[in-house]
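Below, each chain spelled out in residue letters.
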Amino acid sequence: MATKTSLKRGFKAKAERIATECREKLGIHPCAPLCAFALAKFLGIVIYDATYFLSELYEKNKLAGLNGNDCGWSALTMTNKDGKRLIIHNPFHTAARQQSNIMHEIAHILCEHKKKPLPEGINLPFGMRDFDKEQEDEAIYLGATLQLSRPCLLWAKKRNMSNSEIANHFNASLEMVNFRISGTGVNKQYFKKKIV
């Protein structure tokens, strides 16, 4: 998760609007869980798991580099020769982490982030790009908001759900729930309403 962000003024409110609009367009309740795979399909984004591109000649132990949450690689977005966006993701991560990874990549697409041209003479390996802090902060925030919008969090708090229950209900990690609750001020808002 991002610590110090470079988010532009108004971006957080924009992210909440996008999360609500996505649920509306998919015909689901504003407080319902939003599946990253369903959202990608609706947006016409094809998702591949990384094993799709590996030859059948590879033995399962050759995939060990992708296996586990600490492998250092989650997902990437690419454009094919027809100009369509596609996402390749690590299928060995937990289901909740996969949701987060894919939401992050969808956020890059929804924000219309463009790859910066690399300085002359610099070549990065396939699928890698130059790091742009502003774009990454936007994708982190929007991806997290798509997964756990403010209305979702308020809905859960009204039902006295614990952070673990929220994580299970929305197929999110506990870390993601904590990140969103602390970043939205939902606890303060909810408890203030209870007192009044």
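Report follows, based on the coordinates.

Calculation rules
Residues numbered from 1 in each chain as written. Predicted model: local features only at pLDDT ≥ 70, side-chain atom pairs only at ≥ 80, totals over all residues. Heavy atoms only, no water. Helix = DSSP H or I, 4+ residues; strand = E, 2+ residues; numbered from the N terminus. Expected span 1.5 Å × (residues − 1). Buried < 20%, exposed > 50% of the residue type's maximum accessible area, 1.4 Å probe, protein only. Contact = heavy atoms within 4.5 Å. Polar contact = N/O pair within 3.5 Å; in protein donor to acceptor, adjacent residues only side chain to side chain. Pairing = 2+ DSSP bridges. Axes fitted to C-alpha atoms, helices over the stretch in contact; angles between N-to-C directions. Arc of directions from axis to C-beta.

## Section: helix α4 (residues 133-147)
And step 1. Helix length check: α4 (15 residues) gives 21 Å between terminal C-alpha atoms against 21 Å at 1.5 Å per residue, within 8%.
And step 2. Where burial is concerned, most of α4 is hidden: twelve out of the 15 residues are buried.
And step 3. All of the buried residues along α4 are Q135, E136, D137, E138, A139, Y141, L142, G143, A144, T145, L146 and Q147.
And step 4. Here the buried face of α4 lies against α1 (11-25), α2 (36-42), α3 (95-110) and α7 (174-184).
And step 5. With a side-chain oxygen lying 3.1 Å from the backbone nitrogen of E134, the N-terminal cap of α4 falls on D132.

## What about the sheet that holds strand β1 (residues 46-49)?
And step 1. Pairing within the open sheet is mixed, and its three strands lie in the order β1-β3-β2. Single-partner strands in this sheet number two, and they are β1 and β2 (75-79). Taking each pair of neighbouring strands and ignoring which way they run, the sheet shows an average axis angle of 25 degrees.
And step 2. Where β1 lies against strand β3 (residues 85-89), four bridges are found, and the strand directions are parallel. Across the sheet, Y48 pairs through a bridge with I88, a residue of β3.
And step 3. Lying on the sheet, α3 is in contact with β1, β2 and β3; it crosses β3 at an angle near 155 degrees.

## What about unusual backbone geometry?
Most peptide bonds are trans, and most residues other than glycine sit at a negative phi.
And step 1. One non-glycine residue, E112, lies in the positive phi region at around 55 degrees.
And step 2. Relative to the helices and strands, E112 resides in the loop between α3 and α4.
And step 3. Judged by its relative accessible area of 60%, E112 falls in the exposed class.
And step 4. Even without being glycine, N171 reaches a positive phi, approximately 50 degrees.

## A few points about α1
And step 1. Taking 1.5 Å of rise per residue, 15 residues should cover 21 Å, and α1 covers 21 Å from first to last C-alpha, within 8% of that figure.
And step 2. Buried within α1 we find F11, A15, E16, I18, A19, C22 and R23. For α1, the buried positions fall inside an angular range of 160 degrees around the axis, keeping them on one side. Opposite the buried face of α1, by more than 90 degrees, sit the exposed residues E24 and K25.
And step 3. Where α1 is buried, its residues contact α2, α3, α4, α5 (150-158) and α7.
And step 4. Backbone geometry just after α1 places G27 at a positive phi near 75 degrees.

The analysis is restricted to geometry; functional conclusions fall outside its scope.
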